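Each chain is listed here by its residues.
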Amino acid sequence: MAAEAKHFKYVILGGGVAAGYAAREFGSQGVKPGELAIISKEPVAPYERPALSKGYLFPQNAARLPGFHTCVGTGGDRLLPQWYSHKGIELILSTEIVKADLASKTLTTAAGATFTYDTLLIATGSSVIKLTDFGVQGAESNNILYLRDIADADKLVAAMQAKKDGKAVVVGGGYIGLELGAALKINNFDVTMVYPEPWCMPRLFTAGIAHFYEGYYASKGIKIVKGTVASGFDADANGDVTAVKLKDGRVLEADIVIVGVGGRPLTGLFKGQVDEEKGGLKTDAFFETSVAGVYAIGDVAAFPMKLYNEQRRVEHVDHARKSAEQAVKAIKAKESGESVAEYDYLPYFYSRSFDVAWQFYGDNVGDDVLFGDNDPASAKPKFGSYWVKDGKVVGVFLEGGSAEENQAIAKVARAQPPVADVEALKKEGLEFAAKV
Ligand code: FAD
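Quantities reported herein were computed from a predicted structural model and do not represent experimental measurements.

Analysis parameters
Residues numbered from 1 in each chain as written. Predicted model: local features only at pLDDT ≥ 70, side-chain atom pairs only at ≥ 80, totals over all residues. Heavy atoms only, no water. Near = heavy atom within 4 Å. Polar contact = N/O pair within 3.5 Å; in protein donor to acceptor, adjacent residues only side chain to side chain. Areas by Shrake-Rupley, 256 points an atom, 1.4 Å probe, with all protein chains shown as cover. Helix = DSSP H or I, 4+ residues; strand = E, 2+ residues; numbered from the N terminus. Domains from an automatic or database assignment. Core = buried A, V, L, I, M, F, W, Y, C linked by side-chain atoms within 4.5 Å. Buried < 20%, exposed > 50% of the residue type's maximum accessible area, 1.4 Å probe, protein only. Contact = heavy atoms within 4.5 Å. Expected span 1.5 Å × (residues − 1). Pairing = 2+ DSSP bridges. Axes fitted to C-alpha atoms, helices over the stretch in contact; angles between N-to-C directions. Phe/Tyr/Trp six-rings, centres within 6.5 Å; stacked < 30°, edge-to-face > 60°. Salt bridge = Lys/Arg side-chain N within 4 Å of Asp/Glu carboxyl O. Buried area = accessible area lost by both parts, 1.4 Å probe. Nonpolar A, V, L, I, M, F, W, Y, C, P; charged D, E, K, R; others polar.

Brief notes about the site of the ligand
Line of reasoning, step 1. Within the structure, the ligand sits among 34 residues, and Glu42, Arg49, Lys54, Arg148 and Asp299 are positioned closest to it.
Line of reasoning, step 2. Tyr350 has a polar backbone atom sitting 3.4 Å from a nitrogen atom of the ligand.
Line of reasoning, step 3. Burial of the ligand by the surrounding chains reaches 97%, relative to a free accessible area of 1,000 Å².
Line of reasoning, step 4. Only α1 (17–29), α4 (175–186) and α6 (317–335) provide two or more residues apiece to the shell around the ligand.
Line of reasoning, step 5. Sorting elements by how many residues they give to the shell around the ligand places α4 first, with three residues.
Line of reasoning, step 6. When residues of the shell around the ligand are assigned to domains, at least three map to each of domain 1 (6–126 + 264–335) and domain 2 (131–261).

Describing the nonpolar core
In a soluble, globular protein the nonpolar side chains are often hidden away together inside.
Line of reasoning, step 1. One finds Leu107, Leu120, Phe205, Tyr213 and Phe397 to be the most contacted residues of the largest nonpolar core, which totals 122 residues.
Line of reasoning, step 2. Per-element tally for this core: the top contributor is α1, with seven residues.
Line of reasoning, step 3. Setting aside anything within four residues of it in sequence, one finds Phe397 in contact with Leu204, Phe205, Ile209, Tyr213, Trp358, Gln359, Phe360, Phe371, Phe383, Gly384, Ser385 and Trp387.
Line of reasoning, step 4. Val128, Leu131, Val171 and Val259 belong to the second largest nonpolar core, which has 19 residues in total.

Description of α4
Line of reasoning, step 1. Taking 1.5 Å as the rise per residue, α4 with twelve residues should run 16 Å; its terminal C-alpha atoms sit 16 Å apart, in good agreement.
Line of reasoning, step 2. Among the residues making up α4, those that are buried are Gly177, Leu178, Glu179, Leu180, Gly181, Ala182, Ala183 and Leu184.
Line of reasoning, step 3. Packed against the buried residues of α4 are α3 (150–162), β9 (167–171), β10 (190–195), α5 (207–219), β15 (256–259) and β22 (348–353).
Line of reasoning, step 4. Positive backbone phi, approximately 70 degrees, marks Asn188, located one or two places after α4.

Remarks on the pairing of β15
Line of reasoning, step 1. Burial along β15 is two-sided: the face carrying Ile256 and Ile258 and the face carrying Val257 and Val259 are both buried.
Line of reasoning, step 2. Sheet topology places β9 next to β15; four bridges connect them, and they run parallel. Among the inter-strand pairings, Val171 is bridged to a residue of β15, identified as Val259.

Some points on the sheet that holds strand β17 (residues 276–277)
Line of reasoning, step 1. Spatial strand order, β17-β18-β20-β21: four strands in an open sheet with mixed pairing. The outermost strands of the open sheet, each flanked by one partner alone, are β17 and β21 (310–313).
Line of reasoning, step 2. Two strands pair when backbone bridges link them, and strand β20 (residues 301–305) and β21 are joined in this way by four bridges, in the antiparallel orientation. Bridge assignment links Ala302 to a residue of β21, and that residue is Arg313.

Re the sheet that holds strand β13 (residues 241–246)
Line of reasoning, step 1. Judged by pairing direction, the sheet is antiparallel, and its three strands sit side by side in the order β12-β13-β14 without closing on themselves. Either end of the sheet is taken by a strand with one partner, and the two such strands are β12 (230–235) and β14 (251–253). Strand-to-strand twist in this sheet, taken as the mean axis angle between neighbours without regard to direction, amounts to 25 degrees.
Line of reasoning, step 2. Strand direction decides the pairing type here: β13 and β14, joined by three bridges, are antiparallel. Bridged to Ala243 within β14 is Glu253.

A word on the packing of aromatic side chains
Line of reasoning, step 1. Per the stated rule, a full pass over the model turns up 28 aromatic pairs.
Line of reasoning, step 2. A ring pair is formed by Phe360 and Trp387, whose centres lie 5.4 Å apart and whose planes are at 90 degrees; its orientation type is edge-to-face. Of this pair, Phe360 sits in strand β23 (residues 356–362) while Trp387 sits in strand β25 (residues 382–389), and the two are 27 residues apart along the sequence.
Line of reasoning, step 3. Using a relative accessible area of 0% as the deciding quantity, one classes Phe360 as buried.
Line of reasoning, step 4. The exposure class assigned to Trp387 is buried, which follows from its relative accessible area of 3%.
Line of reasoning, step 5. Ring pairing ties together the aromatic residues Phe205, Phe212, Tyr213, Tyr216, Tyr217, Phe354, Trp358, Phe383 and Phe397, which thus form one cluster.

Description of the pattern of salt bridges
Line of reasoning, step 1. Applying the stated rule across the entire model yields 28 salt bridges.
Line of reasoning, step 2. With its nearest N and O atoms 4.0 Å apart, the salt bridge here joins Glu335 to Lys9. Residue Glu335 is located in helix α6, and its partner Lys9 is located in strand β1 (residues 6–13); the two are separated by 326 residues in the primary sequence.
Line of reasoning, step 3. Using a relative accessible area of 43% as the deciding quantity, one classes Glu335 as partly exposed.
Line of reasoning, step 4. In this structure, Glu35 and Lys32 form a salt bridge, with 3.9 Å as the shortest nitrogen-oxygen distance.
Line of reasoning, step 5. On the basis of relative accessibility, which here comes to 13%, the residue Glu35 falls in the buried class.
Line of reasoning, step 6. With a relative accessible area of 57%, Lys32 lands in the exposed category.

Digging into the domain arrangement of the protein chain
Line of reasoning, step 1. Its domain assignment divides the protein chain into domain 1 (6–126 + 264–335), domain 2 (131–261) and domain 3 (355–435).
Line of reasoning, step 2. When each unit is reduced to the centre of its C-alpha atoms, the spacing between domain 1 and domain 2 is 30 Å.
Line of reasoning, step 3. Counting from both sides, the interface comprises 19 residues of domain 1 and, opposite them, 17 residues of domain 2.
Line of reasoning, step 4. Buried area between domain 1 and domain 2, summed over both chains or domains, comes out near 1,500 Å², and the portion from carbon and sulfur atoms is 60%.
Line of reasoning, step 5. By the criterion of area lost to domain 2, the three top residues of domain 1 are Ser53, Tyr56 and Leu57, representing 35% of everything that side buries.
Line of reasoning, step 6. On inspection of domain 1 and its partner domain 2, the count reaches three salt bridges.
Line of reasoning, step 7. In this structure, the connection of domain 1 to domain 2 is made through nine residue pairs in polar contact (both at pLDDT 80 or more).
Line of reasoning, step 8. Within the side of domain 1 that touches domain 2, the residues separate by chemical class into nine nonpolar, three polar and seven charged.

Dropping the structure here:
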């Protein structure tokens, strides 16, 4: 006979950023011992995932757990495993859920154990897209690496030690590629980046923004190959990668290859059971899905973005944190017959590498207006971009802003001030934001 299911009032499925911030909110709203469980594939308590492509890879004083457990990323307390046990929150780690039956409110693990719940928070995040998914020749060779979780980061650290001062090829020019290219360079690798687009981070960067980062990376000794893709890999007798073959015929020697070509939200367990949109699980402004009592937060949620009057999915850490807090507040309020305000999110993304750091708020649609000094050879480059749509500023990007300046650009993106004269806006640059 199958073992009896373990029951919790609340189950958070997934143990990443959203899970950690949801647990903190449950903790502060009040949760009784035994009411809440987090079930995670990962062997460790929730942590701040962005650290994996930054501090975790430093050659000296690298970040390690327990240093970056949630919720330090927003200046809060670190929730160590003891915090969960003190609160009576069960951390069920190294446990993959392979089946979710929302009708019977039952989750089944790979080992066949079952859990039931009254309320479920789906926080399964994303998985990386692998080159083996497309059958790229030789993509299964050793030292062709990806980065999503701490196990991946440990593999990368081990490979950097084994192939000291070697050659690294980064496939992909998104933020993961850019951050990892920098990390490998800081670790003294000879780094080449390869991407098919005309410039890096094309989903956000304009040509003017990318001009700075590509020049800056080149000044650090990173080679950039654009307009082509990796079409195959060579390996030695041990199966270790030795070269990346490009579609344009060039061959790049490589001891390590790191691939950052995007992710996919992990929604497969719920196929056919909840409404989906934009590749995610469709929610309302409180992150409840089409199934009552089932919430989706973080990367997997396709939620109403009030500011733009559109359902969207956001794969960034700020939203993972805020959506988790919103969902738990809404769950708790509902239980006591109260309500909370609708989620009103202002998109916020950031990235850091070497000694450059940028922030972006709002929407990158409409016409872009570059301002400031984006010359990578400048002693003190400082620049940004506004996006103007229907005569209003709807998005702002800023490299190297101070805390106050970043607050000012966030205010602009939220307020969407009108712009009469785009040339004047370009000339005014950051001054415009300071006045809003
Ligand atoms: P995750 O944090 O990915 O957590 C998902 C959790 O669910 C994981 O623990 C996973 O193991 C678990 N899980 C999934 N399926 C199952 C299952 N079936 N059973 C059990 N457990 C399961 N964003 C930024 O804005 N700025 C950055 O600088 C930045 N840097 C990043 C760097 C890296 C290396 C990565 C990978 C992401 C970065 N991000 C960044 C994105 C950000 O980290 C994510 O948007 C955020 O982590 C999403 O939170 P989440 O809780 O939805 O998912």
